[in-house]
Amino acid sequence: MMRRSGGIGQHTLVGAYVMDAVPDSDRAGFERHMLGCEQCREDARGLREAAARLAQAAAVTPRPELRDETLRAAAGIRQLPPVVPGETGDDAARRLRLAVRRLVRPAGPRPWLARMAMATVVVLAVTATVLGLHLTSMQSRLTAAQRRDNAIAAVVGARDATTMTARVSTGGMATVVMSRRERSLVFVARGLARLPASQAYELWLMSPAGPRPAGMLAPGQHGMSGPVVVGHLAAGDQLGLTVEPAAGAARPTSAPIVLVALDR
Amino acid sequence: MQVRIWSVDVHGDPADRVRQLPPARSGGPDGLETVLAAVARGDHAAFRALYDRVSPAVLGTALRVVRDPAQSEEVMQEVLLEVWRTAARFDPAAGSASAWIMTVAHRRAVDRVRSEQRASERELRAAKASIAYDEVTDAVETSLEQQRVRRCLAGLTELQRESVALAYYGGYSYREVAQLLGVAVGTVKTRMRDGLIRLRDCLGVE
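Overview of the state of the cysteines
Residues and elements named next belong to chain A. Throughout the structure, instances matching the rule amount to two disulfides over all chains. The disulfide partner of cysteine 37 is cysteine 40, and the S-S distance across this bridge is 2.2 Å. Between cysteine 37 and cysteine 40 the sulfur-sulfur dihedral comes to about 75°; the bridge is accordingly right-handed. Cysteine 40 shares its class with cysteine 37; the two are buried.

Considering unusual backbone geometry
At the junction of A:Gly226 and A:Pro227, the peptide bond is cis and its omega measures out at 5° in the coordinates. Backbone geometry at A:Arg183 places phi at a positive 50°, although glycine is not the residue there. Looking at the secondary structure, you find A:Arg183 in the loop between strand 2 (173–179) and strand 3 (184–190). In this structure, B:Arg67 is a non-glycine residue whose phi angle is positive, near 75°. Tracing the chain through its elements places B:Arg67 in the loop between helix 3 (44–66) and helix 4 (69–86). Overall, the relative accessible area of 41% leaves B:Arg67 in the partly exposed class.

Quick look at the packing of aromatic side chains
Residue and element names in this part refer to chain B. As enumerated under the stated definition, the model contains four aromatic pairs over all chains in all. Relative to tyrosine 169, the ring of tyrosine 168 lies with its centre 5.7 Å away and its plane at 75°, an arrangement referred to as edge-to-face. Taken individually, tyrosine 168 and tyrosine 169 each receive the classification buried, so the pair is uniform in this respect. Here the basic side chain of arginine 64 rests over the ring of tyrosine 169, its NZ or CZ set 4.5 Å away from the ring centre.

Describing the side chain of B:Ser55
Take B:Ser55: it is sitting in helix 3. By relative accessible area, which is 2% here, B:Ser55 ends up buried. Engagement of the side chain of B:Ser55 in a polar contact is seen with the backbone oxygen of B:Tyr51, the distance being 2.7 Å. Setting aside its immediate chain neighbours within four residues, B:Ser55 contacts A:Val60, A:Pro62, B:Leu50, B:Met76 and B:Leu80.

How each quantity is defined
- Residues numbered from 1 in each chain as written.
- Chains lettered and ligands numbered in written order.
- Predicted model: local features only at pLDDT ≥ 70, side-chain atom pairs only at ≥ 80, totals over all residues.
- Heavy atoms only, no water.
- Disulfide = S-S within 2.5 Å.
- Buried < 20%, exposed > 50% of the residue type's maximum accessible area, 1.4 Å probe, protein only.
- Helix = DSSP H or I, 4+ residues; strand = E, 2+ residues; numbered from the N terminus.
- Phe/Tyr/Trp six-rings, centres within 6.5 Å; stacked < 30°, edge-to-face > 60°.
- Lys NZ or Arg CZ within 6 Å of the ring centre and 35° of its normal.
- Polar contact = N/O pair within 3.5 Å; in protein donor to acceptor, adjacent residues only side chain to side chain.
- Contact = heavy atoms within 4.5 Å.

Below, the structure written as structure tokens:
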């Protein structure tokens, strides 16, 4: 994974990197370089300790009110479970590939579906691999996007991850990777019909008790929509996709164009 | 150019602003690692202890980078809550608990500044004019930790020190630092790395 590294030139970035002084545009490249550069990871570890001391040297006592506020807020936030040891992005990717091979091998009459599923899986597998890095040595920087990536990796990397595909009635295919253990799924779709700007696709968890909004589906690149991570799955849920006003709706206003039974 | 590293211009009484931090490095019974492990199990008392230990450094870092006190306090609270939420994901093999938390803190502060910057194109020159090196104008009580870091920073070359301070305390990217200091981008990258290495060795970080 040493490609495109530029050797020494990349290596010197480690100081800027641990001080968050590498612009987003360069960061992905450097992180890729670090994957294949043991020395860089070791350097980053030590320099991060030094940088932390700069933070400590800047210490300023917060206003006392902030303490109770923060402690109270924490009580309302659910904590993430630990990452199971040995569960790396590589493992996740491997498991995902196996799952997909199972799904794809008997494809026979619908090879295009197999190709589509494989393309989806490659995207997810890449995400999972990249994530292995985040989950282990670089778990520290958590932007919203990275948090979503972590959630995706947790699902596709779960031992019980299963993949389902379904045809969307208005065109396109939906793929769901679900982990019952994580009570979460990742949804992606390909080739969905384009919508006017006033409308958008919205996901729902539909249960006998009624529908719960599960997120808006953002149009992605290359005809791909999503991924969307949907958590808090409950027994009996079905995943539905509807066309709604662009801002989203509190309840579905149209019939689902795809409905995936999650209990099977 | 001039970079003020040690004066703290914030709200409140100067004497209240700075407190000494315990050396937060060991994994022993009082170590931050132990506290963090208890936090990961949902222990609210441990989280209170963690807050007391790390919130000053988190807030101080945010203030250096973000400058605005209200926003810095928000950043501090967000960081502490992020630590609460993700404590179980801390991996001791990847570094100390303190480094993990301060990395989250610094990143969050920098993200805040960069998103602001995109919104209202920060004027580099204004920032450059407003910081002046080592003018301890306010009567700031410095902690032992501050003195130690300050002594070590003094051992860097001027360019190393300025590069590190502008990146870490200023929240500037290496390209911006290069522009501010009027030196080549490659030079700044090297100075940042070498400066931090010297700092690491001087502080005896393992």
